[in-house]
Amino acid sequence: MNINLSTDVIGKAEDGSDVFLKDIWPTHEEIQELVREKVTAEVFSSVYSRIKQGNARWDALNIPTNPLQYTWDAKSTYIHNPPFFSAMEIGLPTHSDIKSAACLLYFGDSVTTDHISPAGDIAKTSPAARFLNERNIQKIDFNTYGARRGNDLIMVRGTFANTRLSNKIVGTGNTGPVTIHFPTSEQMSIFDASAKYIEDGVPMVILAGKEYGSGSSRDWAAKGPYMLGVKAVIAESFERIHRSNLCGMGIVPMCFLPGESAATHGLKGNEKFDIAFGADLKPGMDVTVKADDKTFKVTLRLDTAAEVAYYNNGGILHYVLRNKLKE
């Protein structure tokens, strides 16, 4: 709008004189008089007396046999029942040490939530695109990850899908959402590699440098790795909120000891990782990690008793639901 409403003419009066915004702008008194006249208790009473009434289209909707339970459409590519509670039991799960874990990703410094979270357009060669193509959705109708954030099957395929992602496992200078599946030594998409590890019952870890998870807080930056099967992230440091979000999803954040890193321990990302938690988790305790023939200590970044409780429950969602069931 190329106009200065304080000084420019906005029109002409019937007599041809200039009209400015100040000439037609109502006074405070005029506005108050209109509010007293039109905004009355009767208006609100009338609206709220009809608030539960529908209209013809609303009344024509089919009501499920159990109106308290949402009827999921298995064919929908926009909304899908997420698996967060699918394997949950009333009792607390039994946690054990992480054994023979594969390194899914090995990062340097400043991997942000923008690198991790599904965002933007769905690339035509991505696992998410393949998923949509298999359901006869054409490229023109892919839409964005943001539009399809209600479907976990698409969002998990878009986790770590950033084209600028730099994963040291595939070599310095190579960017994109790929990694190496070490049992086959095959380079493939991060989602495809995680799916193979999950099928084989292999837990996964992520190695990272400083400020892992920096940037704005994004829920799928924690939910995505959880669904990929990541059990722990070992970094030099974490962004504060992202570390907390990992705890909330039951992923264990851990920090290398001061002055140490994946590089100082000679890690390549092709090792098998054993992480010994012991029977009694305590906030900030040191934990032993064995990566093939290398053994080192890291600091558990479950920083509070509440975060330990979240982990023991399998995440904050399970923690809240179990507490609600006790009421």
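Bear in mind that the values here come from a model prediction, so they are computed numbers and not experimental data.

A.B. asks: I tried to follow the environment of isoleucine 3 on my own but got confused; where do I start?
C.D. replies: Along the chain, the position of isoleucine 3 falls in the segment before strand S1 (11–12). Look past the residues within four positions of isoleucine 3 in its chain and what remains in contact with it is Asp8, Val9 and Ile10.

A.B. asks: Would you explain the nonpolar core in this entry?
C.D. replies: When a protein is soluble and globular, its nonpolar side chains tend to lie buried together. Core analysis: the biggest nonpolar cluster contains 42 residues, and Leu104, Phe107, Ile122, Phe160, Ile206, Tyr212 and Val233 have the highest contact counts within it. For this core, the elements supplying multiple residues, two or more each, are strand S3 (98–106), helix H6 (127–133), helix H7 (152–155), helix H8 (190–199), strand S6 (204–207), helix H9 (220–228) and strand S7 (230–235). Looking at this core element by element, the count peaks at five residues for H9. Setting aside anything within four residues of it in sequence, one finds phenylalanine 160 in contact with Leu105, Phe107, His115, Ile116, Leu165, Pro177, Ile190, Ile206, Tyr212, Pro225 and Leu228. Membership of the second largest hydrophobic core comes to 30 residues, among which are Met254, Phe256, Ile275 and Leu302.

A.B. asks: It is not clear to me how H8 should be interpreted in this structure. Could you clarify?
C.D. replies: One turn of an α-helix holds 3.6 residues; hence residues three or four places apart share an orientation. Buried residues of H8: Ile190, Phe191, Ala193, Ser194 and Tyr197, and no others. Along H8, the residues classed as buried sweep out an arc of 160 degrees about the axis, all on the same side. Buried residues along H8 sit in contact with S3, H6, strand S4 (178–181), strand S5 (186–189), S6 and H9. Looking at the residues trailing H8, positive phi occurs at glycine 201, about 70 degrees.

Quick notes on the rules
Residues numbered from 1 in each chain as written. Predicted model: local features only at pLDDT ≥ 70, side-chain atom pairs only at ≥ 80, totals over all residues. Heavy atoms only, no water. Helix = DSSP H or I, 4+ residues; strand = E, 2+ residues; numbered from the N terminus. Contact = heavy atoms within 4.5 Å. Core = buried A, V, L, I, M, F, W, Y, C linked by side-chain atoms within 4.5 Å. Buried < 20%, exposed > 50% of the residue type's maximum accessible area, 1.4 Å probe, protein only. Arc of directions from axis to C-beta.

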